Protein chains: 2
Amino acid sequence: MVKKSGKKRSATAGWEGRAADALRVGPGFDLGELDTSATPGFDGDDAAGEALMKRLGRRLSDLQEMLYAEGRSGGTRAVLLVLQGMDTSGKGGISRHVLGMVDPQGVTVRAFGVPTEEERRHHYLWRIRRALPQPGRIGVFDRSHYEDVLVVRVDGLVEDDPWLERYEEIIRFERETEAARITVLKCALMISPHEQLERLSERLTRPDKFWKYNPSDLDVRAKWDDYMHAYQDVFDHTSTASAPWHVIPADHKWYARLAVTQLLVDTLEDMNLTWPAADFDLDAERARLARMLEETP
Amino acid sequence: MVKKSGKKRSATAGWEGRAADALRVGPGFDLGELDTSATPGFDGDDAAGEALMKRLGRRLSDLQEMLYAEGRSGGTRAVLLVLQGMDTSGKGGISRHVLGMVDPQGVTVRAFGVPTEEERRHHYLWRIRRALPQPGRIGVFDRSHYEDVLVVRVDGLVEDDPWLERYEEIIRFERETEAARITVLKCALMISPHEQLERLSERLTRPDKFWKYNPSDLDVRAKWDDYMHAYQDVFDHTSTASAPWHVIPADHKWYARLAVTQLLVDTLEDMNLTWPAADFDLDAERARLARMLEETP
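The model shown is predicted, which means the values in this text are computed figures rather than measured ones.

1. Considerations on the interface of chain A and chain B
Then, number 1: If you look at the interface, chain A gives 48 residues, while chain B gives 48 residues.
Then, number 2: Across the interface of chain A and chain B, roughly 4,500 Å² is buried in total on both sides, 65% from carbon and sulfur atoms.
Then, number 3: It is A:R96, A:W211 and A:L289 that lose the most area in chain A upon contact with chain B, and together they represent 17% of the buried surface on that side.
Then, number 4: Put simply, chain A and chain B have four salt bridges between them.
Then, number 5: One salt bridge connects A:R96 with B:E65, and the closest N-O pair in it is separated by 3.3 Å.
Then, number 6: Joining chain A to chain B, the criterion identifies eight residue pairs in polar contact (both at pLDDT 80 or more).
Then, number 7: Of all the elements in the fold, those that place two or more residues in the side of chain A that touches chain B are helix 3 (46–72), helix 4 (91–97), helix 9 (193–203), helix 10 (217–222) and helix 13 (282–295) of chain A.
Then, number 8: Considered class by class, the residues forming the side of chain A that touches chain B number 24 nonpolar, 10 polar and 14 charged.

What follows is the structure in structure tokens.
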């Protein structure tokens, strides 16, 4: 690809086609081939990315409000953003910097950690179903039901090999979720082992980051290849036509945030949202209010 | 009060003392005397308010993250912001513009409307208790248990006059909530009848606002004096030392948002939050990471 240079390019740079086309997992996808420092589909640098991000933020905010308005007016549609990725891959940053651009009233962020006692007594999808977004909302899962075919698999936390069965179960669950009018957007943030070490090291230089550091993160890290293998299997088996996976190179935080924002905006655009029409007599209400305004000091 | 004029004043203007002192409901408080277009305690105009708002936003964001970090590190403290006010008084705007300045992961906004069938089968505090913020979170109630001594009273939705009893119950409930380490901050946004009409009229001029308009809002409005009487009673009976009411003139949206932001910042400051200390051997972990970084391409 020939790159034009200079300020102008930066200011006008953008996506080449739809972001989803550059990020969607298709047949033959090979995680081992992924360049985690790439910026697929985006023809611009970080400055161009940040400029676009601002514009997208305003659009996202408008679309979110339309979705919320629809929910408040009897609509049942909602959106679920599923975020997966290794420690430090930036899932929390997506919640903060992408969803942080919209009205917090319309967003529910749910992080799934080690299951509680109660959660463990139920099927692994139990806690997931309970956390699905209400009508009109954007739900964010910071980790999700996919942990049950990732960490659970890598750490050998269940007997036998229920993975193929679980993939089927998950596909069924997501199909039901879509049938309940919740659009599912799945994003996996992928960083290199080196980038992860840099980010973990940074946490140890700042007292305001110590709480994010856990020595056992390094044990997880020792199983990097096992995780990549488990992720590859997840992508191979659960990237469906209606709920495909998007694999997002995330060594550049600006790119990962931009990519998820664009995917979210495109998802909402595809829903053809409109402002709910007035369900009352507009002229009559206007006249009534004008009369009252005259009478009220 | 003598006002200095000019740009300089605007840039340096701020609160005269603590915001809470200008807004807290004390003995002898008379809602009828309130000037809803005033900006008590703040010596500045809207431009000064917005400049301060930006600085406060950054501070609020830091404090919220410290609270969240504490919660993730075993702490149990949380904050609950209770918002009350007539339709169009700007409760939603507080959620959007004040809480919108912090990480959505750490915030839960819950709006309390007409109770559902299930909620109606329970005590009125049942749905409230279930919505209390988790450790480390800021919870926002857009309307609250106070609806059960406001609309329920004005519309005569229960038999007898349980108000005095309910005030006691609410005070007990809030005391329990504080004992569970959830700091309660109560704010009532107050607008004039004329301002409300202006805001309702505006909704009828914009197709993106029609969904917020409900002709029955005007029926509520017809009972304005009854509501003010019910509010006065609430303030008289439930403004306690540990969970006082703050009555915020809200004809100026910029002022109301600034006031709530400042109250929230002060509340969090009073909690003496600190970043959790490292619960691991910092030097050993640093050395381990440095070694790994050398070995990882």
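2. Observations regarding the UniProt feature "domain: Polyphosphate kinase-2-related" (unreviewed entry) in chain A
Then, number 1: In the UniProt entry, the feature "domain: Polyphosphate kinase-2-related" (unreviewed entry) is given for residues 47–272 of chain A.
Then, number 2: The annotated region residues 47–272 of chain A carries 50% helix and 14% strand content, and the separation between its end C-alpha atoms amounts to 30 Å.

3. Regarding the relation of the copies chain A and chain B
Then, number 1: Relative to chain B, chain A is turned by 180° and slid 0.0 Å along the rotation axis, the superposed coordinates differing by an RMSD of 0.0 Å. The transformation just described matches what one would write down for a two-fold rotation axis.
Then, number 2: Here 100% of the contact residues of chain A are again contact residues in chain B; the copies associate through an equivalent surface.

4. Quick notes on the packing of helix 8 (residues 163–179) of chain A against helix 11 (residues 224–238) of chain A
Residues and elements named next belong to chain A.
Then, number 1: In contact at an axis separation of 10 Å, helix 8 and helix 11 are set at 50° when each is read in the N-to-C sense. Here helix 8 is positioned oblique relative to helix 11, judged by the angle of their axes. Relative to helix 11, the crossing made by helix 8 is right-handed. For the pair helix 8 and helix 11, contact is made by L164, Y167 and I171 and by A230, D233, V234, H237 and T238, respectively.
Then, number 2: Here the contact of helix 8 with helix 11 is built from residues that sort into five nonpolar, two polar and one charged.

5. Comments concerning the sheet that holds strand 1 (residues 78–85) of chain A
Residues and elements named next belong to chain A.
Then, number 1: Strand order in this open sheet of five strands is 2-3-1-4-5, and the pairing throughout is parallel. With partners counted over all chains shown, the strands left at the sheet margins are strand 2 (107–111) and strand 5 (245–249), one partner each. Put simply, the sheet's adjacent strands are angled 20° from each other on average, direction ignored.

6. Focus on the pattern of salt bridges
Then, number 1: For the structure on display, the rule yields 38 salt bridges over all chains.
Then, number 2: With a shortest N-O distance of 3.3 Å, A:R143 and A:E147 are connected by a salt bridge. Assigned by exposure class, A:R143 and A:E147 land together as buried.
Then, number 3: B:R199 is paired through a salt bridge with B:E195; the nearest N and O atoms lie 2.8 Å apart. Here B:E195 and B:R199 lie together in helix 9 (residues 193–203), a separation of four residues that amounts to about one turn.
Then, number 4: For B:R199, a relative accessible area of 7% translates into the label buried.
Then, number 5: On the basis of relative accessible area, B:E195 is assigned to the partly exposed category, the value being 21%.
Then, number 6: Each of A:D87, A:R143 and A:E147 takes part in salt bridges that share partners, so that together they form one network.

7. Remarks on the sheet that holds strand 1 (residues 78–85) of chain B
Two modes of strand pairing occur in sheets, parallel and antiparallel, and in both the strands are linked by backbone hydrogen bonds.
Residue and element names in this part refer to chain B.
Then, number 1: Spatial strand order, 2-3-1-4-5: five strands in an open sheet with parallel pairing. Sheet topology places strand 2 (107–111) and strand 5 (245–249) at the edges, where each strand pairs with a single neighbour. In this sheet, adjacent strand axes meet at a mean angle of 20° when their direction is disregarded.
Then, number 2: Where strand 1 and strand 3 (residues 138–142) come together, five bridges link them in parallel fashion. Bridge pairing links L81 to V140 in strand 3.
Then, number 3: Contacts from helix 11 (residues 224–238) reach strand 1, strand 4 (182–190) and strand 5 within the one sheet, and its direction differs from that of strand 4 by about 150°.

8. Here's the deal with the environment of B:P244
Residue and element names in this part refer to chain B.
Then, number 1: One can find P244 in the loop between helix 11 and strand 5.
Then, number 2: Spatially, the C-alpha atom of P244 lies 8.8 Å from that of C187, the residues being 57 residues apart in sequence.
Then, number 3: Residues in contact with P244, not counting those within four places in the same chain, are R24, K186 and S239.

9. Some remarks on the confidence of the model for chain A
Then, number 1: Confidence along chain A averages 94 in pLDDT terms, with 96% of residues attaining 70 or more.
Then, number 2: The low-confidence segment residues 1–10 of chain A, where pLDDT is below 50, has nine contacts with residues more than four positions distant or belonging to other chains.

10. Overview of the side chain of B:T177
Then, number 1: Structurally, B:T177 can be placed in helix 8 (residues 163–179).
Then, number 2: Here B:T177 is in contact with B:L132, B:I182 and B:V184, once residues within four sequence places are set aside.

11. Observations concerning the packing of aromatic side chains
All names here are of chain A.
Then, number 1: According to the stated counting rule, one finds 22 aromatic pairs over all chains in the structure shown.
Then, number 2: Here a set of aromatic residues connected by ring pairs shows up, and it is made of F29, Y146, Y231, F235 and W245.
Then, number 3: Cation over ring: R166 sits above Y124, and NZ or CZ is 4.4 Å from the ring centre.

12. Comments concerning the pairing of strand 1 of chain A
Each regular strand displays side chains that alternate between the two surfaces of the sheet.
Residues and elements named next belong to chain A.
Then, number 1: The buried fraction of strand 1 amounts to eight of the eight residues, a majority that puts the element mostly inside the structure.
Then, number 2: Neither face of strand 1 is open: one carries A78, L80, V82 and Q84, the other V79, L81, L83 and G85, and all of them are buried.
Then, number 3: Judged from the eight bridges that link them, strand 1 and strand 4 (residues 182–190) form a sheet pairing that is parallel. Looking at strand 4, one finds that L83 is bridged to C187.

13. Regarding helix 13 (residues 282–295) of chain B
Then, number 1: The first and last C-alpha atoms of helix 13 of chain B sit 20 Å apart over 14 residues, in line with the 20 Å expected at 1.5 Å per residue.
Then, number 2: Among the residues making up helix 13 of chain B, those that are buried are B:L282, B:E285 and B:L289. Projected onto a plane normal to the axis of helix 13 of chain B, the buried residues spread over an arc of 65° and lie on a single side. Pointing more than 90 degrees away from the buried face of helix 13 of chain B are the exposed residues B:D283, B:E294 and B:E295.
Then, number 3: For helix 13 of chain B, the secondary structure elements touched by its buried residues are helix 9 and helix 10 of chain A.
Then, number 4: With a side-chain oxygen positioned 3.2 Å from the backbone nitrogen of B:D283, the residue opening helix 13 of chain B is B:D281.

About the thresholds
- Residues numbered from 1 in each chain as written.
- Chains lettered and ligands numbered in written order.
- Predicted model: local features only at pLDDT ≥ 70, side-chain atom pairs only at ≥ 80, totals over all residues.
- Heavy atoms only, no water.
- Contact = heavy atoms within 4.5 Å.
- Buried area = accessible area lost by both parts, 1.4 Å probe.
- Salt bridge = Lys/Arg side-chain N within 4 Å of Asp/Glu carboxyl O.
- Polar contact = N/O pair within 3.5 Å; in protein donor to acceptor, adjacent residues only side chain to side chain.
- Helix = DSSP H or I, 4+ residues; strand = E, 2+ residues; numbered from the N terminus.
- Nonpolar A, V, L, I, M, F, W, Y, C, P; charged D, E, K, R; others polar.
- UniProt positions renumbered as here; feature names shortened; annotations may be inferred.
- Least-squares fit on C-alpha atoms with pLDDT ≥ 70 in both.
- Axes fitted to C-alpha atoms, helices over the stretch in contact; angles between N-to-C directions.
- Parallel < 35°, antiparallel > 145°, perpendicular 65-115°, else oblique.
- Left-handed = near helix turned anticlockwise from the far one by under 90°.
- Pairing = 2+ DSSP bridges.
- Buried < 20%, exposed > 50% of the residue type's maximum accessible area, 1.4 Å probe, protein only.
- pLDDT = per-residue confidence, 0-100.
- Phe/Tyr/Trp six-rings, centres within 6.5 Å; stacked < 30°, edge-to-face > 60°.
- Lys NZ or Arg CZ within 6 Å of the ring centre and 35° of its normal.
- Expected span 1.5 Å × (residues − 1).
- Arc of directions from axis to C-beta.

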